[in-house]
Amino acid sequence: MGEILIIAENLTIYYDGYRAVEDITFRLSSGETLLLLGPNGAGKTSLLRTIAGLHKSYTGKLLVFGKPPAEVKDLISYVPQSHSLNERVPLKAIEVVAMGALYKRGFIHFNIPKSVLKEAEEALEFVGLGDIKNKRFAELSGGQKQRVLLARALVSKPKLLLLDEPLSALDPSARVEVVSVLAKIKREMRITMIITTHDPNPLTEIGDKVMLVNKRLVAFGTPEEVLRDEIITKVYGSLAKAVKVGERMYCFIGDVHIHGRERR
Ligand SMILES: Nc1ncnc2c1ncn2[C@@H]1O[C@H](COP(=O)(O)OP(=O)(O)OP(=O)(O)O)[C@@H](O)[C@H]1O
Ligand SMILES: [Mg+2]
């Protein structure tokens with residue numbers, strides 16, 4: 001893998017006086033895909049928004065492309081946990097994607113330049129949705145919506161893509177759809193990605209590294225290093241189980257939602 005792209009050392013993230021995340025240290029190399037795993041309230045979104053340069057209340061060291069994240073926002077695309085598009089505004093898929101480019105350039109207007117529409121069309125084709133570019137966003141399936149949002153994130157040509165639970169609202173077949181686009185982004189664009197998830201199983205095929213957080217860093221390493229019984233039971237309770245099938249790790253982590261609470 002390439003050079004170090006993210007350096008976090010003793011990173012602590014605050015909301016006023018409250019420490020949402022404490023003392024996180026890790027490094028991520030260029031081209032790697034990191035799966036960020038942890039229960040509700042573990043701090044996944046806080047970490048992602050801080051790395052995106054959107055949340056600035058932190059202590060410790062955090063360098064992205066060698067700089068504080070707020071200085072390199074142009075290189076980063078962040079796709080939030082639940083999209084904030086007002087679906088009553090009758091936007092077409094291609095307009096949603098074009099907004100990604102316009103927003104980054106600091107202007108939004110109603111006559112989208114042809115050059116931007118062309119870039120948006122290419123991004124939609126990349127995610128396999130070239131043929132529905134003029135459909136209304138609100139009318140798309142969950143998997144198609146998530147792919148449109150990926151296209152919107154890609155249109156500004158980021159070097160780091162931060163995805164907050166891109167699979168959580170999807171049924172299994174839509175998950176497969178979206179994971180195959182993520183695999184294509186990794187393979188063909190070689191963009192570094194951090195993907196938060198409650199369920200690593202659909203993503204272990206593209207995850208080079210896994211980080212397990214529960215307010216603090218529980219483990220960081222390859223899927224094989226992190227997805228082990230003795231590690232995941234620390235967070236998900238004694239019923240959590242990791243298994244290797246072929247070359248891939250899978251884990252069964254039940255449904256525990258509170259910091260470190262065991263389900264016995
Ligand atoms: N805007 C905010 N103001 C105050 N506290 C916040 C804010 N956002 C998050 N928190 C708190 O920070 C902690 C981490 O929350 P965060 O949303 O980062 O967790 P998460 O791992 O993304 O959870 P989930 O799986 O539910 O999305 C929680 O205790 C949460 O209540
Ligand atoms: Mg979250």
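It should be noted that the structure appears before, not after, this text.
Residues numbered from 1 in each chain as written. Chains lettered and ligands numbered in written order. Predicted model: local features only at pLDDT ≥ 70, side-chain atom pairs only at ≥ 80, totals over all residues. Heavy atoms only, no water.

**Focus: the overall build of the protein**
Rules: Every helix listed is a DSSP run of H or I at least four residues long, and every strand listed is a run of E at least two residues long, numbered separately from the N terminus. Both definitions apply: the radius of gyration is a C-alpha atom measure, and the globule rule equals 2.2 Å times residues to the power 0.38. When accessible area is computed with a 1.4 Å probe and restricted to protein chains, residues below 20% of their type maximum are described as buried, those above 50% as exposed, and intermediate ones as partly exposed. What makes two residues a contact is simply this: any of their non-hydrogen atoms within 4.5 Å. Residue-level accessible areas treat just the shown protein chains as cover; the underlying method is Shrake-Rupley with a 1.4 Å probe. By the counting rule applied here, Lys and Arg register as positive and Asp and Glu as negative, while His and the ends of each chain are not counted. Here the site of a charge means atom NZ of a Lys, CZ of an Arg, CG of an Asp or CD of a Glu.
In terms of regular secondary structure, the protein is built from seven helices and eleven strands. Scaling as 2.2 N^0.38, a compact globule of 264 residues should have a C-alpha radius of gyration of about 18 Å, and the protein matches this with 18 Å. When burial is assessed residue by residue, the protein has 48% of its 264 residues classed as buried. Restricting the contact set of the protein to residue pairs at least 6 apart, pairs at least 24 apart contribute 65%. Entry remark: accessible area of the protein is about 12700 Å², with carbon and sulfur atoms responsible for 51%. Taken as two groups, the 38 positive and 31 negative side-chain charges of the protein have centres that lie 3 Å from each other.

**Description of the nonpolar core**
What counts, and what does not: Nonpolar core, defined: a set of buried Ala, Val, Leu, Ile, Met, Phe, Trp, Tyr and Cys residues in which side-chain atoms within 4.5 Å join the residues together.
By size, the foremost hydrophobic cluster in this structure holds 58 residues, and its most contacted members are L124, V127, V148, L182 and I185. Membership of the second largest hydrophobic core comes to 26 residues, among which are I13, L28, A42 and A52.

**Structural notes on the side chain of S46**
Checked against the element boundaries, S46 lands in helix 1 (residues 44-51). In this structure S46 comes out as buried when scored by relative accessible area, which is 9%. Leaving out residues up to four positions away in the same chain, S46 has contacts with I13, Y15, A20 and V21.

**Regarding the site of ligand 1**
So the rule is basically this: Working definition: residue near molecule or strand if any one of its non-hydrogen atoms lies within 4 Å of it. Any pair of nitrogen or oxygen atoms within 3.5 Å is treated as a polar contact; in protein, a donor-acceptor pairing is required on top of that, and neighbouring residues in sequence qualify only through side-chain atoms on both sides.
Taken together, 14 residues lie near ligand 1, and N40, G41, K44, T45 and S46 sit nearest. With respect to ligand 1, the backbone of G43 contributes an N or O atom lying 2.9 Å from an oxygen atom. Starting from 630 Å² of accessible surface for ligand 1 in isolation, the protein chains cover 63%. Breaking the shell around ligand 1 down by element, the ones donating at least two residues are strand 2 (18-29) and helix 1. Residue contributions to the shell around ligand 1 peak at three residues, all from helix 1.

**Observations regarding the pairing of strand 10 (residues 241-245)**
The line we're drawing: Note: two strands are recorded as paired if DSSP finds a minimum of 2 bridges between them.
Across five bridges, the pairing between strand 10 and strand 11 (residues 248-252) is antiparallel. Counted as the bridge partner of A242 is C251 from strand 11. In sequence, strand 10 turns back onto strand 11 through a hairpin of two residues, with G246 there showing a positive phi of about 60°.

**A few points about helix 1**
Most of helix 1 is tucked away, with six of its eight residues classed as buried. All of the buried residues in helix 1 are K44, S46, L47, L48, T50 and I51. One or two positions beyond helix 1, positive phi appears at G53, with a value near 80°.

**What about the packing of aromatic side chains?**
Keep this limit in mind: For this analysis, a ring pair means two rings from Phe, Tyr or Trp (six-membered ring only for Trp) whose centres lie within 6.5 Å, classed as stacked if their planes differ by under 30 degrees, edge-to-face if by over 60, and tilted for the remaining angles. In this analysis the charged atom, NZ for Lys or CZ for Arg, is taken to sit over a ring once it is within 6 Å of the ring centre and within 35 degrees of the ring normal.
Applying the stated criterion across every chain yields a total of one aromatic pair. When the ring centre of F137 is taken as origin, the NZ or CZ atom of K145, which lies over that ring, is 5.9 Å away. Over the face of the ring belonging to F126 we find K184, whose NZ or CZ atom lies 4.2 Å from the ring centre.

**Some words on the coordination of the magnesium ion (ligand 2)**
Put simply, the ideal angle at a metal is 109.5 degrees for four donors in tetrahedral geometry and 90 or 180 degrees for six donors in octahedral geometry. Applicable threshold: Distances define the donors: N, O and S atoms within 2.8 Å of the metal qualify, as do those within 3.2 Å of Na, K or Ca. Water is excluded, so some sites may look unfinished.
The coordination sphere of the magnesium ion (ligand 2), as far as protein atoms go, consists of T45 (OG1) and Q81 (OE1), spread over 2.0 to 2.5 Å. Of this pair, T45 sits in helix 1 while Q81 sits in the loop between strand 5 (76-79) and helix 2 (93-104), placing them 36 residues apart in sequence. We classify Q81 as partly exposed; its relative accessible area is 39%.

**Quick notes on helix 7 (residues 229-236)**
Within the span of helix 7, buried status applies to I231, I232, T233, V235 and Y236. Buried residues belonging to helix 7 abut strand 3 (33-37), strand 8 (209-214), strand 9 (216-221), helix 6 (223-226), strand 10 and strand 11. Phi turns positive one or two residues past the end of helix 7, at G237, with a value near 90°.

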